[in-house]
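The lines below spell out each chain.
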Amino acid sequence: KLVGVTGVGLGVCVTLVVEYVLRRRRIWHSCVVFKLNSEYYQLLGHAWDHEVGDFKAIYRPLYHCSSKPGRFEAHMLAASHFSRWEGKFARVPMSKVPLQVQALLLPGPFLYDPQWTFALETSAVPVAARFTRSGRGSRSHEEVLLEHVIGNYTGFIELLDAQLRSVGLDALERGLEMDHLSYRAATTREYREVVAALVPNFGTLVCECMANG
């Protein structure tokens, strides 16, 4: 009987160890860790800052963060604008995170919206896409719309179609197709910005050539 109890106890211990290991692996897969200098930080998500009208990175220092005169108060959570976050913090694979730091990680995800269909993290809006869906901010969870890059192209097509119909030409009825839209850039810089916003988000760059230049 004692042998049986020992066997059961050993089986329970093995099960608990396996469950712990699997739980830690699930935590690893849900955590995003960055490093600045010698310290580690857990990214919790991208939050909209109503005061500045843009997104910021929300993160946890994975160490005891006490106050520093002239810099910041003691804190457990912090927010950073993305020029600082992307310029100074480097993402670290979990295999490179020390075990004592891993022990401080909190399992995510920290967000839940069953109707959410957008990306979990924001992306910088291309310079040429001068507007987000709201008209505010420099980043978005949502994809850039084509009209944000080249303007109201649907309105242009509808106007062109109306003008053709006014002179008796129904392009759809005749089976005619529009094979391209032209966008005129005022400067080389604007051209490069528009191309960067269009490719590869909306298509593939086939060739480049000067037209009436």
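Scroll up for the structure.
Keep in mind that this is a model prediction, so the values were computed, not measured.

Asks: How should I be thinking about helix α6 (residues 188-198) in this particular structure?
Replies: Of the positions making up α6, those classed as buried are Glu 190, Glu 193, Val 194, Val 195 and Ala 197. Of the surrounding secondary structure, the elements contacted by the buried residues of α6 are α4 (147-150).

Asks: I keep staring at the sheet that holds strand β2 (residues 39-49) and nothing clicks. Help me out?
Replies: Hydrogen bonds between backbone groups are what pair the strands of a sheet, and the pairing can be parallel or antiparallel. As summarised here, the arrangement of the five strands in space is β4-β3-β2-β1-β5, forming an open sheet in which the pairing is antiparallel. Here the strands that pair on one side only, and so sit at the sheet edges, are β4 (78-80) and β5 (90-92). In this sheet, neighbouring strand axes are inclined to one another by 45 degrees on average, regardless of whether the strands run parallel or antiparallel. Relative to β2, strand β1 (residues 32-36) runs antiparallel, the two sharing five bridges.

Asks: I'm lost on the packing of aromatic side chains in this one. Help?
Replies: Each aromatic ring pair is described using two quantities: the centre-to-centre distance and the angle formed by the ring planes. Enumeration according to the criterion identifies nine aromatic pairs in this entry. For the pair Tyr 41 and Tyr 63, a centre-to-centre distance of 5.7 Å together with 80 degrees between the ring planes defines the contact as edge-to-face. Placement of Tyr 41 in strand β2 and of Tyr 63 in the loop between β3 (54-61) and β4 is noted, with a sequence separation of 22 residues between them. Their ring planes at 35 degrees and their centres at 5.0 Å tell us that Tyr 59 and Trp 85 sit as a pair that is tilted. On the criterion of sequence distance, the pair formed by Tyr 59 in strand β3 and Trp 85 in helix α2 (residues 82-88) is long-range, its members being 26 residues apart. A relative accessible area of 3% places Trp 85 in the buried class. One aromatic cluster is present, formed by Phe 34, Tyr 41, Tyr 59, Tyr 63, Trp 85 and Phe 89 through successive ring pairs. The positively charged end of Arg 139 is found above the aromatic ring belonging to Phe 82, 3.7 Å away from the centroid.

Asks: Quick question: what am I supposed to make of helix α5 (residues 153-166) here?
Replies: Since one α-helical turn is 3.6 residues long, residues separated by three or four positions face the same way. Here α5 contains 14 residues, and its C-alpha end-to-end distance of 20 Å stays within 8% of the 20 Å for a straight helix at 1.5 Å per residue. Note on α5: the residue one or two positions beyond its end, Gly 168, has a positive phi of about 85 degrees.

Asks: Teacher, can you tell me more about the side chain of Arg 139 here?
Replies: By the element assignment, Arg 139 lies in strand β7 (residues 139-140). When its relative accessible area of 7% is taken as the criterion, Arg 139 is described as buried. Here the side chain of Arg 139 touches Glu 86 through a polar contact of 3.3 Å, side chain to side chain. If near-sequence neighbours (up to four positions away) are discounted, Arg 139 is found in contact with His 46, Asp 54, Phe 55, Phe 82, Glu 86, Thr 122, Ser 123, Ala 124, Val 125 and Thr 132.

Asks: Would you mind showing me how to read the pattern of salt bridges here?
Replies: Pairing of side chains with opposite charge becomes possible as their charged atoms draw close. If you walk through the whole model with that rule in mind, you get seven salt bridges. Among the ionic pairs, Arg 165 bridges to Asp 161, the shortest N-O distance being 2.8 Å. Of this pair, Arg 165 and Asp 161 both sit in helix α5, four residues apart, which is roughly one turn of that helix. Of the residues examined, Asp 161 reaches a relative accessible area of 23% and is grouped as partly exposed. In this structure, Arg 189 engages Glu 193 in a salt bridge whose closest nitrogen and oxygen atoms are separated by 3.2 Å. Taken together, the residues Arg 189 and Glu 193, both in helix α6 and four residues apart, mark about one turn of the helix. A single network of salt bridges, built from pairs that share partners, joins Asp 161, Arg 165 and Asp 170.

Calculation notes
- One numbering rule holds for all chains: residues counted from 1, following each sequence as written.
- Two thresholds apply to this predicted model, a pLDDT of at least 70 for residue-level local features and 80 or more for giving and counting side-chain atom pairs, whereas whole-chain, interface and lining totals are computed over all residues.
- Water and hydrogen atoms were dropped before computing side-chain values, which therefore reflect all heavy atoms in the structure.
- Per-residue accessibility, obtained with a 1.4 Å probe over protein chains only, is compared with the maximum for each type, and a residue is labelled buried under 20%, exposed over 50%, and partly exposed between these values.
- In this text, helices come from DSSP runs of H or I with a minimum length of four residues, and strands from runs of E with a minimum of two, each type numbered from the N-terminal end.
- Here a residue-residue contact requires only that any non-hydrogen atoms of the pair lie within 4.5 Å.
- By the convention used here, strands pair only if DSSP detects at least 2 bridges between them.
- Here, axes are lines fitted to C-alpha atoms. For helices the fit covers the stretch in contact, and angles between N-to-C directions go from 0 to 180 degrees.
- Two aromatic rings, drawn from Phe, Tyr or Trp (for Trp, its six-membered ring), form a pair once their centres lie within 6.5 Å of each other, and the interplanar angle then sorts them: stacked below 30 degrees, edge-to-face above 60, tilted otherwise.
- Remark: a charge is flagged as sitting over a ring if the NZ atom of Lys or the CZ atom of Arg is within 6 Å of the ring centre and within 35 degrees of the ring normal.
- In a helix, the anticipated span is given by 1.5 Å times the number of residues less one.
- Nitrogen and oxygen atoms within 3.5 Å of one another constitute a polar contact, given that in protein one can donate a hydrogen and the other can accept it, and given that sequence-neighbouring residues count only through two side-chain atoms.
- One speaks of a salt bridge when a side-chain nitrogen belonging to Lys or Arg is within 4 Å of a carboxyl oxygen belonging to Asp or Glu.

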